[in-house]
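Inside the fold
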Amino acid sequence: MIPLIDLSTDKATRAKMIKTLTDVLDSKNYILGRRLESFERKFAKFIGSRWAVGLANGTDALRMGLRAMGVGAGDHVLTV
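Sequence order sets the numbering: in each chain, residues are counted from 1 along the sequence as written. Whole-chain, interface and lining totals are the exception, using all residues; otherwise, since this is a predicted model, local features are given only for residues with pLDDT of at least 70 and side-chain atom pairs are given and counted only at 80 or more. Hydrogen atoms and water are omitted, and side-chain values are computed over all heavy atoms in the structure.

A look at the packing of aromatic side chains
Classification of ring pairs uses Phe, Tyr and Trp, with its six-membered ring standing for Trp, and accepts pairs whose centres are within 6.5 Å; under 30 degrees between planes counts as stacked, over 60 as edge-to-face, and the remaining range as tilted. Scanning all chains against the criterion turns up two aromatic pairs. Consider the rings of F39 and F43, whose centres lie 5.6 Å apart with planes at 15°: the pair is stacked. Residue F39 and its partner F43 are both found in helix α2 (residues 33-47); the two are separated by four residues, about one turn of the helix. Ring centres of F43 and F46 lie 6.4 Å apart, and the angle between their planes is 35°; this geometry places the pair in the tilted category. With F43 and F46 both in helix α2 and three residues apart, the pair spans about one turn of that helix. Joined through ring pairs, the aromatic side chains of F39, F43 and F46 make up one cluster. Every helix listed is a DSSP run of H or I at least four residues long, and every strand listed is a run of E at least two residues long, numbered separately from the N terminus.

Right, dumping it as structure tokens:
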């Protein structure tokens with residue numbers, strides 16, 4: 001079987017990931033907040049954009065994109 005993704009990492013990166021996850025769980029702040037704001041700023045810079053918006057999932061991203069283009073109630077949209 002061919003693996004879809006290799007998530008193996010070195011010990012230092014793994015430790016940092018576990019600490020970050022623990023910090024998020026301990027903060028009980030799973031939605032919005034400073035971590036999302038930081039991610040949005042860093043991601044926007046990474047892609048060379050002025051803005052980036054973190055959403056819950058791909059469906060939300062499609063809906064927001066359609067709204068941004070003016071697609072609304074009564075319009076027809078074809079997707080796969």
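Examining the layout of surface pockets
Of the pockets and cavities examined, the largest pocket occupies roughly 160 Å³. Every residue along the wall of the largest pocket is listed here: K16, T20, R35, S38, F39 and K42. Taken together, the elements giving at least two residues each to the lining of the largest pocket come down to α1 (11-27) and α2. Tallying contributions element by element places α2 first for the lining of the largest pocket, with four residues. Grouping the constituent residues of the lining of the largest pocket by class yields one nonpolar, two polar and three charged. With a 1 Å grid laid over protein atoms only, a set of points is called a cavity when a 1.4 Å probe fits there but cannot get out and a pocket when it is open yet has protein on both sides within 12 Å along at least five of seven lines; lining residues have an atom within 4 Å of a point. Grid points are joined across faces, edges and corners, and a volume is the space filled by probe spheres set on the points. When residues are grouped by polarity, Ala, Val, Leu, Ile, Met, Phe, Trp, Tyr, Cys and Pro land in nonpolar, Asp, Glu, Lys and Arg in charged, and all others, Gly among them, in polar.

Observations regarding α2
An expected span of 1.5 Å times one less than the residue number is assigned to each helix. The end-to-end C-alpha distance of α2, which contains 15 residues, comes to 21 Å, matching closely the 21 Å that a straight helix rising 1.5 Å per residue would cover. Just past α2, the residue G48 takes up positive phi, approximately 75°.

A look at unusual backbone geometry
Phi at K28 takes a positive value of approximately 60°, unusual for a residue other than glycine. Within the fold, K28 resides in the loop between α1 and α2. Residue L32 is not a glycine yet carries a positive backbone phi of 60°. With respect to the secondary-structure elements, L32 resides in the loop between α1 and α2. Type-normalised accessible area, obtained with a 1.4 Å probe on protein chains alone, sets the label of each residue: buried when under 20%, exposed when over 50%, and partly exposed for intermediate values. By relative accessible area, L32 is classed as exposed at 62%.

Describing the confidence of the model for the protein
Values of pLDDT, the confidence the predictor places in each residue, fall between 0 and 100. Mean pLDDT for the protein: 91, with 100% of residues reaching 70 or above. For the protein, per-element mean pLDDT is lowest for helix α3 (residues 58-68), which scores 92, and highest for α2, which scores 94.

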